[in-house]
Structure formats: structure tokens, C-alpha cells
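Architecture and fold: a report
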Amino acid sequence: MKILSLPAEMAAWSQAAVAAGRRIVLVPTMGYFHEGHLSLMDRGRAQGDALVVSLFVNPIQFGPGEDLGRYPRDFQRDSELAAGRGAEVLFAPGAGDMYPADSASRVVVSGLDQGLCGAKRPGHFAGVTTVVAKLFHLVRPHVAVFGEKDFQQLAIIRRMVADLDFQVEVIGHPIVREADGLAMSSRNVYLSADERRRALCLHQALTAARQACAGGLRDGAAVARLAEECIRPHARIDYIEIADRRLLRPQERIDADSMLFLAAFVGTTRLIDNCRLLAGGDA
Ligand code: AMP
């Protein structure tokens, strides 16, 4: 596996790979890999013949007071894991190379960024779409794989790709969970043993809501209340929302497109989760 750290090196590698007729797959990450990341890599490897994993803790998607400074990092372990999953390139640029002092542009997808995490983390998604647009230009992937764990992010990236004519197929991958249901996240490492137990309330809320919907409940406010009852004793709720999976618009009545979106602080750690309320599995 090649480790590349300069954007120009990455661009040169991609240009040669495209010229050689290779099908490039990109899995963008912020590192500190867990099975969620690794299953995205497995999915990606099956989609093409050159897997590129990017590892970049993107400073411009963190707000003031968020965890940029203490975001977990372990480059040695990550590079071994990515190599073990068949990555051909690990692209790990420095922040100064991605955003030189005179850089002044942002990619903004409006509308879809209004609710959910977009409402709670102003500027976050502009940071995400800007870095993903840059990665798409540098890596020139035919396919890019993103997790449904960050469902709003996935919807916004799909919109950006359609609106700006990026020639890339975006694949969404289901949420990978611990055995007890907790959605895997690099941030789970922040949790103390007690918080780790309490963090299960998010998955319990999703399960209770799905069960109620399977039993015929269609009133969104009642479903949200059920979720709230599961979470409130254990965590500080950031939001509980029911919205449709295509436009992320709030819904009062549950239908086949309805999803439940959760964000809550367990101690100081902000966790998110989501699921489809009717039919099928995660999303
Ligand atoms: P991150 O490193 O947290 O920015 O995540 C990199 C990619 O992995 C994103 O597309 C995430 O949605 C995805 N991802 C993170 N956690 C999970 C998970 N538990 N299951 C599936 N995908 C995930």
C-alpha cells in the first residue's frame, strides 16, 4: 500500500490510474478505524480495482468548542488495517496542504443542510462537502462509499454530485453495529464504562420506535415520544426527529420513507444514530 500525503502526489497517481483504465474506488474517512470503516473498504474493493482510502481529520467541518483537538488518531494502526483490507493507496494529507492560507472557497449544498445535524452544527456540512469535492477532484474515483450512519451527510453528498456533475457513483453502506446494537463510531472511545452502557439508549430508542411502527403506530409525535422516553434517563437529547429519507423533511405521519434520526450527548460525547421506521433494515 502506498501512503501519499501531498495532494499533487495523489492527483498524479490518479491521473496514471485513470490513463491505465483502472476503476478507482474512494472511501473517505477521518481515521481511527473500526469495523464500520473496514466494511466500507470491503464494499469498496468489490466495486473496482483500485481502492483509495483517505484519512483526513478535516478541520473545517468542526465547529468552535467541538472535538477537533482531541479527535482520536492512530496512524500506524490505521495504515496496517487499511493495507489489510486491500487499500492500494492511503491518502493522508496535512491540513496546511489541503487548505493553504489563501484558500477561500466553500462548496455549500443548501436546503438539505437545514435540519438535523445541520441545524445543530452550523457550517459542518459546508466543511464536509468542500473536503469531499476536493477529494473527488484529487482522487478521481469512479465510485465512492459512504456510511448510512451519517445519513444526512450521504444525502447532501448525493445532491452535490448530481448538482455539480461529478462523474462518481455514490454508494451508501448500512450502519455497522457492536454486538449489543451501539453504532460503531470513532468517538465511542471517549465513553467511560458507565457511559458506554448508557449509550445503548440510542439503539433502544430506535428499536422501540420500529416495534411501535410495526404494531401500527403512525403518529410521528407519539413515536418521537417513545424514543425520548428511552433516551432521556441516560443522555442529553440534541434532537429526535422523524423525517423522510429523500428530502429529510420533518413528517407528522409515518410512511414507508420515514426515518428516525437521533443525536444525544452521553456525558460530553455526542452520538448519532438513525433507522428506517417501516420496511427493511437500517435505511
Ligand atoms: P468518519 O471517519 O467517522 O468520518 O467516517 C468515515 C465514513 O465511515 C463515513 O462515510 C461514515 O458514515 C462511515 N461510518 C462511520 N461509522 C460507521 C458505521 N458504524 N457503520 C457504517 N459506516 C460508518
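Look above for the structure.
Notes on the structure follow. (Residues numbered from 1 in each chain as written. Predicted model: local features only at pLDDT ≥ 70, side-chain atom pairs only at ≥ 80, totals over all residues. Heavy atoms only, no water.)

Inspection of every chain in the model, using the stated rule, returns 15 salt bridges. Residue Asp 67 pairs with Arg 187 through a salt bridge whose shortest N-O separation is 2.7 Å. On the criterion of sequence distance, the pair formed by Asp 67 in the loop between strand S3 (50–55) and helix H3 (75–84) and Arg 187 in the loop between strand S6 (169–173) and helix H8 (193–198) is long-range, its members being 120 residues apart. For Asp 67, a relative accessible area of 11% gives the class buried. Note on Arg 187: relative accessible area 17%, which makes it buried. The residue Arg 159 makes a salt bridge to Asp 163 at a minimum N-O spacing of 2.8 Å. With a gap of 4 residues between them, Arg 159 and Asp 163 both fall in helix H7 (residues 151–163), about one helical turn apart. By relative accessible area, which is 38% here, Arg 159 ends up partly exposed. It is possible to trace a salt-bridge network through shared partners that takes in Glu 35, Asp 42, Arg 45 and Arg 85. (Salt bridge = Lys/Arg side-chain N within 4 Å of Asp/Glu carboxyl O. Helix = DSSP H or I, 4+ residues; strand = E, 2+ residues; numbered from the N terminus. Buried < 20%, exposed > 50% of the residue type's maximum accessible area, 1.4 Å probe, protein only.)

Let us look at the sheet that holds S3. Sheet architecture is open: 6 strands sit in the order S1-S4-S3-S2-S5-S6, paired in parallel fashion. Strand pairing shows two members of the sheet lacking a second neighbour, strand S1 (2–4) and S6, which therefore form its edges. When strand polarity is set aside, the average angle formed by the axes of neighbouring strands in this sheet is 25 degrees. (Pairing = 2+ DSSP bridges. Axes fitted to C-alpha atoms, helices over the stretch in contact; angles between N-to-C directions.)

The subject of this paragraph is the environment of Arg 270. Of note, Arg 270 is situated in strand S9 (residues 269–276). On the basis of relative accessible area, Arg 270 is assigned to the buried category, the value being 17%. Remark: the alpha-carbon pair of Arg 270 and Phe 151, spanning 119 residues in sequence, is separated by 16 Å. Excluding anything up to four places from it in sequence, Arg 270 contacts Cys 117, Lys 120, Arg 121, Arg 187, Asp 238, Tyr 239, Ala 263, Ala 264 and Phe 265. There is a polar contact of 2.9 Å between the side chain of Arg 270 and the side chain of Asp 238. (Contact = heavy atoms within 4.5 Å. Polar contact = N/O pair within 3.5 Å; in protein donor to acceptor, adjacent residues only side chain to side chain.)

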